[in-house]
Amino acid sequence: MSGMTSTPTPAQVQAQMATTRDRLAGFAAGFASGATKLLVGHPFDTVKIRCQIEGGHGRFRGPLDCLASTVRNEGARALYKGASIPLVGWAAMDAVQLGSLSNYRLLLQGGDKTRQLSHLQHALAGLGAGWTVALVASPVEIIKMRLQMQYASGAARQFRGPRDVARHLMRTYGALGLWHGLPATLAQRSFFFFLWGSYDVYSQWLRSLRMPSGSAPPEKLVNFLAGGMAANTFWTLCYPVDVVKNRYMTQPDPSAIPFRRMFAHVLRTEGVPGFFRGFVPSFIRSFPTNASAIFVWESTVRLLRGETRE
């Protein structure tokens, strides 16, 4: 009869519900995303970290001077200092972040993967993913940054590698020394609310556009562009917190300034500009790095789940 909807068959209902494969796909695809992020983004990250930590101390006049000075004095390989820990760490971090994001979305969907979430629900899933991945990100980032901030080479280096940093932190702060920066990391990762909320906003907007042929943009192009724009939004909003987090986690041990007081310290010693040291390389890095990583993640998830949307 017209105007009546048919009742889904048991097979149709079963197809709508999330399977174990659906729940694991996000974790597996996250490894591919993390490897992409390292390859594209680590040199930008080294410049950003050095500009943030050095602040107004006069070592560098700006991001380009930092880049040139690093390559001139330490060689191009110095741009990948500390990359061994993110090689594993970023893959693990993205696996945890994106896998948990997928599962928080499924939780909000009530297990029905065809149910559309609101922008707010996507943002809340992002917040949960941010807090979850902070447990992995905190030790990875503190080790990475301690290695990136070494300017000496050879025997003059304080740390020979990630293991040296880990041993030093545990000697200084105890068994949980690798999580010394966890409160700061939780604060910074809370901005994943805006990353994944804006990603959904940008994705819907891009899908509403039309190509010259009159068709909608390809889904892979939507993933790439929305991922880059969402990353730019995220870093614009969270950058001052990121500066404070990194200053706190790289100050001489034992930490003299608590995280909650580091905001006032930066403001008092460097003023408002201190919160935006290294912003330019971070902003430039964020689009290609995260656009590529999210593109790889979305594409891999679709492949693993057997989805065919182009």
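In this text the structure is predicted, and so the values were computed from the model without any measurement. Counting starts from 1 at the beginning of each chain's written sequence and moves along it residue by residue. It should be noted that, the model being predicted, local features are given only for residues of pLDDT at least 70 and side-chain atom pairs only at 80 or more, the latter also being counted only at that level, while totals for whole chains, interfaces and linings use all residues. Hydrogens are left out, water is left out, and the side-chain values use all remaining heavy atoms of the structure.

Chemist: I'd like a description of unusual backbone geometry, backed by residues and values.
Modeler: Cis geometry is found at the peptide bond from Asp 253 to Pro 254, where omega equals -10°. Runs of E in the DSSP output that reach at least two residues are strands. Runs of H or I that reach at least four are helices, and both are numbered from the N terminus. Looking at the secondary structure, you find Pro 254 in the loop between helix 9 (219-250) and helix 10 (259-270).

Chemist: Explain helix 9 to me, and be specific about the residues and the numbers.
Modeler: With 32 residues, helix 9 ought to run about 46 Å at 1.5 Å a step, yet its terminal C-alpha atoms sit only 40 Å apart, falling short of that. The angle separating two fitted axes, one through the seven residues that finish at a residue and one through the seven that start at it, defines the bend at that residue. Of all bends in helix 9, the biggest is about 60°, found at Cys 238, and the proline Pro 240 comes one to four residues later. Whether a residue is buried, partly exposed or exposed follows from its accessible area with a 1.4 Å probe, protein chains only, as a fraction of its type maximum: under 20%, in between, or over 50%, in that order. Across the 32 residues of helix 9, 23 count as buried, placing the element largely inside the fold. Helix span, expected: 1.5 Å multiplied by one less than the number of residues in the helix.

Chemist: Please give an account of the layout of surface pockets that cites residues and values.
Modeler: A pocket, in this scheme, is an open set of points on a 1 Å grid over the protein atoms alone with protein on both sides within 12 Å along at least 5 of 7 lines, while a cavity is a set where a 1.4 Å probe fits but cannot get out; residues line either one if an atom lies within 4 Å of a point. Grid points are joined across faces, edges and corners, and a volume is the space filled by probe spheres set on the points. Empty space within the second largest pocket amounts to approximately 480 Å³. Forming the walls of the second largest pocket are 21 residues, and the residues nearest its centre are Ile 53, Met 149, Thr 250, Gln 251 and Pro 252. Elements represented by at least two residues in the lining of the second largest pocket include exactly helix 9 and helix 10. Counting residues per element, the lining of the second largest pocket draws most heavily on helix 10, which supplies four residues. Residues were grouped as follows: Ala, Val, Leu, Ile, Met, Phe, Trp, Tyr, Cys and Pro as nonpolar; Asp, Glu, Lys and Arg as charged; and all remaining residues, including Gly, as polar. Of the residues contributing to the lining of the second largest pocket, the split by class is eight nonpolar, eight polar and five charged.

Chemist: Got a sec to walk through the pattern of salt bridges? Specific residues and values, please.
Modeler: We define a salt bridge as a side-chain nitrogen of Lys or Arg found within 4 Å of a carboxyl oxygen belonging to Asp or Glu. In the structure shown here, the tally under the stated rule is nine salt bridges. Across the pair Arg 160 and Asp 164 runs a salt bridge, and its minimum N-O distance is 3.8 Å. A relative accessible area of 64% places Arg 160 in the exposed class. Note on Asp 164: relative accessible area 13%, which makes it buried. Of the charged contacts in the structure, one is a salt bridge between Arg 247 and Glu 270, with a shortest N-O distance of 2.9 Å. With a gap of 23 residues between them, Arg 247 in helix 9 and Glu 270 in helix 10 connect regions that are remote in the sequence. Of the residues examined, Arg 247 reaches a relative accessible area of 9% and is grouped as buried. For Glu 270, a relative accessible area of 16% puts it in the buried group. Ionic contacts of the salt-bridge type, sharing partners, join the residues Glu 141, Arg 189 and Lys 245 into one network.

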